[in-house]
Amino acid sequence: MKILLIHPQNYLQRHSTGIYGRSLRYAPLTMPTLKALVPPELGATVRVVDEMVEDVNFDTPADVVGITAITGTATRAYQIAARFRARGATVVLGGVHPTLQTDESLQHADTVVRGYAERTWPRLLRDVAADRHQRVYEDAEPFDPAWIVAPDRSAIHRRDYIGWGTVEMSRGCSNHCDFCISHRFHPAYIRRPIGDVIAEIRSIRSRIVFFLDPNLIGDREHAKAFFAELAPLRKWWVGCASLDVVDDPELLGLMAKSGCRGLLMGFESTRPEALAACGKTHNLGKTYAHVVDALHDHGILVQACFVFGFDTDDTSVFDEAAEHIATGRFDLPQISVYTPFPGTPVFDRLASEHRILTRDWTLYNGQNVVFRPQRMTPEELARGTDRVRHRAYSWSALSRRLFVKPLWVKPLVVASYLGFRSYQRRIARAGAELNGA
Ligand code: B12
Ligand code: SF4
């Protein structure tokens, strides 16, 4: 059996002209995981094509083509599916988007795998071999975290990713922010057995490890136990965590001792009413400057995500937030447009209010206005977000960030500033190309 696994691109992640250069990329583990799950007795050959860094060769011989899709890559996934189905391959779609939009995905594939595939993918492949595969596969049993296998990292294109040492410690999140798909897609907060994760990390030759977990501190006690085991490995690592990490000094201390050098964190808004309305209650009552200082005191850099377009946002939010972001000590601000992903209650609400402007999933990548905001026009939201992005990466914002402590951080701040400045220019260029296309 010849199996071809394809990770499709979104126009922003296209390898030649996308916005992410090597220095901003970290490797997904979807296809390396699926490769590791192929049952050995099938004697299959498995090829992985990562369209974020290489082209798909549509002449590749394949009996089964597995394609992953998040919302932003779903349209491209369907195009690829059509080409391989026309050549007689059995096409399987899986991932976040096919799980949350199964009926739509079934129109483009022979089979859709819903949710985690640790047991369904091997079963599906055995069924294909016996010519009895079904239209939909979904594991009915409660998920056992021990089913997660070590991905086959030979499938990662190391030269194309600065972050090729990626790993999962957990899946899902225990919070319920209304715009996030975590609590819709993941059955619960999944804690992997600590020994399994440590063994995987030991096998990664890179000094730096990138955690893909939506929220590493979804279970604080589990996280503490994990960080204590991780510390002796003397790795450096980056990952995502919610702001309430600063509420627990013991957790923060263990995190820093275990090698944490950077956290991506959802600050989302400077306005409490926006945070309350979207369910980001763990951010409420926090002074962002204190959060950043606490992390800097532990030698941890902060990539701070801000989102614009909440129903409570009016046009005055932009200058207010731009000032906050430019004068705050966030090392790497990330500015996005509120995006109602299909499958979330927010998408259903906005659809029922006739406020979804487009179902062109290609635009659902956090950089386009795809819905009608409550208190401004779509154009005002797009222009205002752009303005904040420019201010966040202005020279004066950089000069303020240079006062950051500790000293070893300064070269990193400058490098990341320059990287994100170019990323910002590429967003504009990619948008212009899309409009001209
Ligand atoms: C790596 C990553 C990226 C990469 C690559 C994304 C991509 N897939 O194209 C980059 C950096 C480019 C990226 C960017 C963004 N991302 Co991202 N990213 C991730 C991340 C951290 C890891 C993915 C991963 O490797 N997971 C580990 C693997 C093992 O899990 P998995 O992919 O779910 O696969 C399992 C099952 O789903 C299933 N499965 C999946 N695919 C398939 C296919 C087949 C054939 C089968 C059988 C099974 C199967 O089997 C696997 C084993 O069980 C996830 C969060 C996460 N932890 O999953 C977010 C995530 C995918 N990203 C997300 C978002 C929101 C974004 C951004 C919009 C963020 C932003 N504001 O800029 C952008 C836009 C991306 C775009 N293309 O439009 C959301 C997706 C939301 C959605 N509905 O689309 C996620 C889920 C995070 C979240 N909780 O919100 N991202
Ligand atoms: S804290 Fe982050 S990962 Fe968790 S639900 Fe909110 S946005 Fe999603």
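The model shown is predicted, which means the values in this text are computed figures rather than measured ones.

1. Here's the deal with the overall build of the protein chain
Counting its secondary structure elements, the protein chain contains 16 helices and 14 strands. Taking 437 residues into account, the globule formula puts the C-alpha radius of gyration at 22 Å, and the protein chain, at 22 Å, falls close to it. In the protein chain, which comprises 437 residues, the proportion classed as buried is 57%. Put simply, 74% of the contacts in the protein chain that link residues at least 6 apart link residues at least 24 apart. As presented, the protein chain carries roughly 18,600 Å² of accessible surface, and 52% of it is formed by carbon and sulfur atoms. Distance between charge centroids for the protein chain: 6 Å, based on 53 positive and 49 negative side chains.

2. So, the site of ligand 2
If you check the shell around ligand 2, you find C173, N175, C177, F179, C180, S182, P214, K280 and H282 and nothing else. When its residues are assigned to classes, the shell around ligand 2 shows 5 nonpolar, 3 polar and 1 charged.

3. Topic: the nonpolar core
Soluble globular proteins tend to pack their nonpolar side chains together in the buried interior. Within the largest apolar cluster, 105 residues are counted, with the highest numbers of intra-cluster contacts made by F84, F211, F226, W237, M255, F267 and F308. Ranked by the residues each element gives to this core, the list is headed by helix α2 (residues 71–86), at 6 residues. Each of domain 1 (2–138) and domain 2 (153–436) accounts for three or more of the residues forming this core. Ignoring anything within four residues of it in the chain, the contact list for F267 reads L243, L275, N283, Y288, V291, V292, V302, A304, C305, F306 and F330.

4. So, the domain arrangement of the protein chain
Annotation of the protein chain at the domain level lists domain 1 (2–138) and domain 2 (153–436). Placing a centre on the C-alpha atoms of domain 1 and another on those of domain 2 gives a separation of 26 Å. Contact residues are listed per partner, giving 38 residues for domain 1 and 45 residues for domain 2. Of the roughly 3,500 Å² buried between domain 1 and domain 2, counting both surfaces, carbon and sulfur atoms make up 63%. One can count 1 salt bridge joining domain 1 with domain 2.

5. Considering the pattern of salt bridges
Within the structure shown, the criterion is met by 31 salt bridges. R119 is the salt-bridge partner of E141, the closest N and O atoms lying 3.2 Å from each other. Here E141 is found in the loop between β6 (136–138) and β7 (166–167), whereas its partner R119 is found in the loop between β5 (111–114) and α5 (120–129), with 22 residues between them in sequence. Residue R119 is classed as partly exposed on the basis of its relative accessible area, which comes to 26%. One salt bridge in this structure joins K224 and E250, with 3.1 Å as the shortest N-O distance.

6. So, the packing of helix α12 (residues 316–327) against helix α14 (residues 378–392)
Contact pair α12 / α14: the axes reach a minimum separation of 9 Å and the direction vectors enclose 20°. By the criterion of interaxial angle, the relationship of α12 to α14 is roughly parallel. For the crossing formed where α12 meets α14, the hand is right-handed. Of the residues in α14, those touching α12 at F318, D319, A322, E323, I325 and A326 are E380, L381, G384, T385, R387, V388, R391 and A392.

7. Some details on the side chain of T33
By secondary structure assignment, the location of T33 is in helix α1 (residues 30–36). Exposure remark for T33: the relative accessible area of 8% places this residue in the buried category. One polar contact links the side chain of T33 to the main-chain carbonyl oxygen of L29, over a distance of 2.6 Å. In contact with T33, other than residues within four places in its own chain, are E118, V149 and P151.

8. Topic: α12
For α12, spanning 12 residues, the distance from its first C-alpha to its last is 17 Å, which sits close to the expected 16 Å at 1.5 Å a residue. Listed as buried for α12 are V317, F318, A321, A322, I325 and A326. Down the axis of α12, the sector holding all buried residues measures 140°, keeping them to one side.

9. Observations concerning the environment of R207
The residue R207 is located in the loop between α7 (194–203) and β10 (208–211) in this model. Between the C-alpha atoms of R207 and A129, which are 78 residues apart in sequence, the distance is 41 Å. Apart from the residues within four sequence positions on either side, R207 is in contact with R234, K235 and W236. Here R234 takes part through its backbone oxygen, which lies 3.1 Å from a polar atom of the side chain of R207.

10. Some thoughts on the sheet that holds strand β2 (residues 45–50)
An order of β2-β1-β3-β4-β5-β6 is seen for the 6 strands of this open sheet, with the pairing classed as parallel. Both edges of this open sheet fall to β2 and β6, since each of them pairs with a single strand only. Each neighbouring strand pair of the sheet contributes to a mean axis angle of 20°, computed without reference to strand direction. Pairing geometry for β5 and β6, over 3 bridges, is parallel.

11. As for the state of the cysteines
Under the criterion given, the structure shown has 0 disulfides. In this model C278 remains outside any disulfide bridge; the closest cysteine sulfur is found in C177, 5.7 Å from its own.

12. Let's talk about the sheet that holds β7
If you walk across this open sheet you meet the 6 strands as β7-β10-β11-β12-β13-β14, and the pairing is parallel. The open sheet has two free edges, formed respectively by β7 and β14 (332–337), since each of these has just one partner strand. Bridge count between β7 and β10: 2 bridges; the pairing is parallel. Opposite V167, over in β10, you have F211 as the bridge partner. Most of the contacts of helix α11 (residues 288–297) go to strand β12 (residues 260–268), to which it runs at about 170°, and overall it touches β12 and β13 (301–308).

Definitions and limits used
- Residues numbered from 1 in each chain as written.
- Chains lettered and ligands numbered in written order.
- Predicted model: local features only at pLDDT ≥ 70, side-chain atom pairs only at ≥ 80, totals over all residues.
- Heavy atoms only, no water.
- Helix = DSSP H or I, 4+ residues; strand = E, 2+ residues; numbered from the N terminus.
- Rg over C-alpha atoms; globule rule 2.2 N^0.38 Å.
- Buried < 20%, exposed > 50% of the residue type's maximum accessible area, 1.4 Å probe, protein only.
- Contact = heavy atoms within 4.5 Å.
- Areas by Shrake-Rupley, 256 points an atom, 1.4 Å probe, with all protein chains shown as cover.
- Lys, Arg positive; Asp, Glu negative; His and termini not counted.
- Charge placed at Lys NZ, Arg CZ, Asp CG, Glu CD.
- Near = heavy atom within 4 Å.
- Nonpolar A, V, L, I, M, F, W, Y, C, P; charged D, E, K, R; others polar.
- Core = buried A, V, L, I, M, F, W, Y, C linked by side-chain atoms within 4.5 Å.
- Domains from an automatic or database assignment.
- Buried area = accessible area lost by both parts, 1.4 Å probe.
- Salt bridge = Lys/Arg side-chain N within 4 Å of Asp/Glu carboxyl O.
- Axes fitted to C-alpha atoms, helices over the stretch in contact; angles between N-to-C directions.
- Parallel < 35°, antiparallel > 145°, perpendicular 65-115°, else oblique.
- Left-handed = near helix turned anticlockwise from the far one by under 90°.
- Polar contact = N/O pair within 3.5 Å; in protein donor to acceptor, adjacent residues only side chain to side chain.
- Expected span 1.5 Å × (residues − 1).
- Arc of directions from axis to C-beta.
- Pairing = 2+ DSSP bridges.
- Disulfide = S-S within 2.5 Å.

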